[in-house]
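Below are the chains, spelled out letter by letter.
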Amino acid sequence: MENNNSFFRKKKFHLETSGEHHLNKTLGAFDLTMLGVGAVVGAGIFILPGQIASVTAGPGIIISFIIAGLACCLAALCYSEFASKLPIAGSAYTYSYHVFGEGIAWILGWSLLLEYGLAVAAVASGWAAYVKSLLAGFSLHVPTAISGSYNPDNGTYFDLLAFIIIIVIGILLSLGIKESTRVNNIMVLIKVAVVVLFIVVGVFYVKPDNWTPFLPFGFSGVITGASMVFFAYIGFDAVSTASEEVKNPQRNMPIGIIASLAICTLLYILLSGVLTGIVPYADLEGISAPVAFALQAIGQNWFAGLLSLGAIVGMTTVILVMSYGGTRLLFAMGRDGLLPESFSKLGKRNTPVRNTLIFAIAMGLVSGVVPLAQLAELINIGTLFAFSMVSLGIFFLRKNKDLPTTGFKTPLYPVVPALSFLLCVYLILNLSAITWISFAIWFVVGLAVYFVYGKRHSNLNAK
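These remarks concern the structure in this document. Note that residues are indexed from 1 along each chain, following the sequence as it is written. Local features in a predicted model are, by the rule used here, given only for residues with pLDDT of at least 70; side-chain atom pairs are given and counted only at 80 or more, and totals for whole chains, interfaces and linings are based on all residues. Note: side-chain values were computed over all heavy atoms of the structure, leaving out hydrogens and water.

## As for the packing of helix H4 (residues 61-85) against helix H10 (residues 249-278)
Stated formally: Axes here mean lines fitted to C-alpha atoms, for a helix over just the part in contact, with angles spanning 0 to 180 degrees between N-to-C directions. Strands here mean DSSP runs of E at least two residues long; helices mean DSSP runs of H or I at least four residues long; both are numbered from the N terminus. Reported orientations rely on four angle classes, namely roughly parallel under 35 degrees, roughly antiparallel over 145, roughly perpendicular from 65 to 115, and oblique for the rest. Residues are sorted three ways: Asp, Glu, Lys and Arg are charged, Ala, Val, Leu, Ile, Met, Phe, Trp, Tyr, Cys and Pro are nonpolar, and all the rest, Gly among them, are polar.
Between H4 and H10, whose axes approach to 9 Å, the crossing angle comes to 170°. Taken together, the axes of H4 and H10 are roughly antiparallel relative to one another. Residue classes in the contact of H4 with H10 are distributed as 18 nonpolar, eight polar and no charged.

So, in structure tokens, the structure goes:
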């Protein structure tokens, strides 16, 4: 292969199915669905509906969640086709390697590392805040110096709890994906039970008058709300990183991706409907914990502690699934030679122990030291970039004669992938300037790493 074409050189399918570094196939459709729900339903379900309803969409937030869910479903259908035809670790990175070429795949993989890494670090910070609040209820307090990210003015230097939870999750993942999914499944069932319990209890206190006017900010407010709550669905793409460890991926991958999105969308719609039915949307403005606020309004104070437990469990599963996605991405990039080969080394339990622990320690340190609130949008831009490229990739996938022709196919082709691509680009264009600048810096650093290391060590050089 000529050097001047190396940026766009593509992998062949037979190269993916040969070699010694392969993960065990242990996961079924239920495990995948639980991974998806674990990644998507986090603390946001207890916070986001109230914030957006109060100032942007009113009770119409129900429609916002429906629109965002449908938009995300378009991308999910595209992911499902790729996951069915290319059941290989690496998600959008691996897909791009086959349809766009090595350089584009590297850029996409680099963007996903940003998504998974920052998501783990940011959610761990939120997890630590909830745990500290829960401990305070028992008159237990974490020493100030190790209770928050680096901020000498407030006397905080390191968020120890955030660091610990990431390390614990890393150790769990290194024990094996089957063991990790068992723990995840239990935690997902707990947090879904808490959400369902709120819906069941709250529905008896709904006052239909609170839904009037239903669109106080007009339909434009609903659309704006949809673009904001779209990010509540981020995380389902981590499911596709499990492709290589799935039994019968042609059947189970589409089921896992689409079923997890359907469950999350239904929970979001029902919870936001009950929430705005209990409390007038205007009363939710500035309330950081709107679900707990609604419970207090109807005299269900006993539920507050259970709700905190649900939020903590919910964030734990997000950390687990996003850590899993990050480590499998590193594994795939290491196996291809674009990162050091040590990232693809498997331990006794056939898991990439070394890269899992490196990822955990690195993200643990980031969550412990860096205040991540101002970087949250970076998670969104990395994800939307991946969504848009996967959607666009369907057009190239259908023309690639090297790949299997069996498996799931995106319906209503080419309308669905085209709509998905355009919607993702539209949402990217609406992100802030500082997000674009930060992403551009990360992009340039990534290109430098590729040309200095990845291009020279790529397995495709052997040809």
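## Comments concerning the packing of helix H6 (residues 102-136) against helix H7 (residues 160-175)
Formally: It is the rotation of the near helix from the far one that decides the hand of a crossing: anticlockwise by less than a right angle makes it left-handed, clockwise makes it right-handed. Contacts between residues were defined by any pair of non-hydrogen atoms, one from each residue, lying within 4.5 Å.
Contact geometry of H6 with H7 gives a least axis separation of 8 Å together with a crossing angle of 120°. Judged by the angle between their axes, H6 and H7 are oblique. Crossing hand, H6 versus H7: right-handed. Across from Val120, Ala121, Ala124, Ser125, Trp127, Ala128, Val131 and Lys132 in H6, the residues of H7 making contact are Leu161, Ala162, Ile165 and Ile166. When its residues are assigned to classes, the contact of H6 with H7 shows ten nonpolar, one polar and one charged.

## Topic: the nonpolar core
Convention followed: Side-chain atoms within 4.5 Å link the members of a nonpolar core, which is a set of buried Ala, Val, Leu, Ile, Met, Phe, Trp, Tyr and Cys residues. Each residue gets one of three labels from its accessible area relative to the maximum for its type: buried under 20%, exposed over 50%, partly exposed in between, using a 1.4 Å probe on protein chains only.
Ranked by size, the top nonpolar core spans 135 residues in total, and within it Tyr79, Trp127, Phe198, Phe236, Ile319 and Phe387 carry the most contacts. Per element, the largest residue contribution to this core is 18 residues, and it comes from H6. If near-sequence neighbours (up to four positions away) are discounted, Phe198 is found in contact with Leu271, Val274, Leu275, Ile278, Val291, Ala294, Leu295 and Phe303.

## Considerations on the packing of aromatic side chains
Note the threshold: Ring pairs are drawn from Phe, Tyr and Trp, using the six-membered ring of Trp, whenever the two centres fall within 6.5 Å, and their geometry is named by plane angle: stacked under 30 degrees, edge-to-face over 60, tilted for the rest.
The full count for this structure, using the stated rule, is 20 aromatic pairs. Aromatic side chains Tyr79 and Tyr95 sit 6.4 Å apart centroid to centroid with 70° between the ring planes, which places their arrangement in the edge-to-face category. Placement of the pair is Tyr79 in helix H4 and Tyr95 in helix H5 (residues 92-99), with a sequence separation of 16 residues. Taking relative accessible area as the criterion, Tyr79 reaches 1% and is therefore assigned buried. Note on Tyr95: relative accessible area 1%, which makes it buried. Aromatic pair Tyr93 and Tyr97: ring centres 5.8 Å apart, planes at 65°, arrangement edge-to-face. Note that Tyr93 and Tyr97 are positioned in helix H5 at a spacing of four residues, about one turn of the helix. The buried category is assigned to Tyr93, whose relative accessible area is 0%.

## A few points about unusual backbone geometry
Peptide bonds are trans in most cases, and residues, glycine excluded, mostly fall at negative phi. Between Thr212 and Pro213 the backbone carries a cis peptide bond, its omega angle lying at -5°. Position of Pro213 relative to the elements: it lies in the loop between helix H8 (177-202) and helix H9 (218-229). For the bond from Tyr413 to Pro414, the omega torsion is 5°, close enough to zero to count as cis. For Pro414, the location among the structural elements is in the loop between helix H14 (376-397) and helix H15 (415-429). One non-glycine residue, Asn248, lies in the positive phi region at around 50°. Relative to the helices and strands, Asn248 resides in the loop between H9 and H10. The backbone phi angle of Leu412 is positive, close to 55°, even though this residue is not glycine.

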